[in-house]
Amino acid sequence: MSLEKRLGHTFASPALLDLALTHRSVSSDNPARNDNERLEFLGDAVLQLAVTDFLYGAYPQLAEGQMAKVRAAVVSRGTLAEIARSLDLGAHLALAPSEEATGGREKDSILADAIEAVIGAVYLDGGLKSAESVILSLWSSRVAERARQPGVRDYKTRLQELTARVGRRPVYRVEGSGPDHDRWFKAVVAIDGTDYGTGEGRSKKQAEQEAARLAIEALSRDLR
């Protein structure tokens, strides 16, 4: 099945899809080539709007804080990468040889950025309704799942409670990179000096939440 069929959108301008799938490593190697970073920036905003609009209309029982939690969960890097994998997006990426050699097609960060870029491309190609149609086909079930449990404690709180039971405490290290308009954060959570989870995101909180989620999985295995 072609990528367009998986997306449910046929591009009037296929060049937009090609651009959305072009990683910045390509333009670094060849400055004459453009990459998907601008489309990623646009797609992120379109995704946020579409998910927010869907939440507002479909779940009138959710308060503002609950909607914010659901949205944060379904647009997290982990979820974006998961959706990208469901489309086999990695197989369609244009990468520089150096990025290819380090497993770029399977990196969460690259896949998450690419699916946002694809959304941006759909928006430019077909408008907001086309973008919303693609987004809802891929995200609505995930939104519904999270909306059923909007009050579930966040991962940092759950990790704190889990470690407290055995007299341990998580410690987070966070580093930021990139320009002010496009900051990216990496968080590592350690317990008793051992790193248990590494997360990344557009905010410190998002990165810490992802690190805590992975730490819960790893720690739960250790405590069995």
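Description of the structure in this document. Treat the numbers as computed from the prediction; the structure is a model and nothing was measured.

### Things to note about the pairing of strand β1 (residues 170-177)
Relative to strand β2 (residues 184-191), β1 is paired through eight bridges, and the arrangement is antiparallel. In the sheet register, Tyr172 faces β2, and the bridge partner there is Val189. The antiparallel hairpin formed by β1 and β2 contains six residues in its connecting segment, where Gly178 sits at a positive phi of about 95°.

### Points about the environment of Met1
Within the element layout of this structure, Met1 appears in the segment before α1 (3-7). For Met1, a relative accessible area of 71% translates into the label exposed. C-alpha separation for the pair Met1 and Asp29, spaced 28 residues apart in sequence, amounts to 31 Å.

### A word on helix α4 (residues 37-58)
A turn of α-helix holds 3.6 residues, and therefore any two residues three or four places apart point the same way. Between its first and last C-alpha, α4 extends 31 Å over 22 residues, near the 32 Å set by a 1.5 Å rise per residue. Among the structural elements, α2 (14-20), α5 (64-74), α6 (77-86), α8 (108-126) and α9 (128-147) are those in contact with the buried residues of α4.

### Topic: the packing of α4 against α9
Between α4 and α9, the least distance of the axes is 9 Å, while the angle of their chain directions is 65°. Crossing handedness for the pair α4 and α9: right-handed. Counted together, Val46, Leu47, Leu49, Ala50, Val51, Asp53, Phe54 and Leu55 of α4 and Leu128, Ala131, Glu132, Ile135, Leu136, Trp139, Ser140 and Val143 of α9 form the full contact between these two elements. When the residues that make up the contact of α4 with α9 are grouped by side-chain class, the tally is 13 nonpolar, one polar and two charged.

### Re the pattern of salt bridges
All chains considered together, the criterion is met by 12 salt bridges. Where Glu200 meets Arg77, a salt bridge forms, and the shortest distance between an N and an O atom there is 2.5 Å. Taken as a pair, Glu200 in strand β3 (residues 194-201) and Arg77 in helix α6 lie far apart in primary sequence, 123 residues in all. Glu82 is the salt-bridge partner of Arg142, the closest N and O atoms lying 3.1 Å from each other. Taken together, the residues Arg142 in helix α9 and Glu82 in helix α6 connect sequence positions 60 residues apart. Bridged by salt links that share partners, the residues Arg85, Glu106 and Asp108 form one connected network.

### Observations regarding α9
Here α9 contains 20 residues, and its C-alpha end-to-end distance of 24 Å is more than 12% below the 28 Å for a straight helix at 1.5 Å per residue. At Trp139, α9 shows its maximal kink, close to 50°. Taken residue by residue, α9 has Ala131, Val134, Ile135, Leu138, Trp139, Val143 and Ala147 as its buried positions. Buried-residue contacts for α9 involve α1, α4, α5, α6 and α8.

What counts, and where the lines are drawn
Residues numbered from 1 in each chain as written. Predicted model: local features only at pLDDT ≥ 70, side-chain atom pairs only at ≥ 80, totals over all residues. Heavy atoms only, no water. Pairing = 2+ DSSP bridges. Helix = DSSP H or I, 4+ residues; strand = E, 2+ residues; numbered from the N terminus. Buried < 20%, exposed > 50% of the residue type's maximum accessible area, 1.4 Å probe, protein only. Expected span 1.5 Å × (residues − 1). Contact = heavy atoms within 4.5 Å. Axes fitted to C-alpha atoms, helices over the stretch in contact; angles between N-to-C directions. Left-handed = near helix turned anticlockwise from the far one by under 90°. Nonpolar A, V, L, I, M, F, W, Y, C, P; charged D, E, K, R; others polar. Salt bridge = Lys/Arg side-chain N within 4 Å of Asp/Glu carboxyl O. Bend = angle between axes of the 7 residues up to and from the residue.

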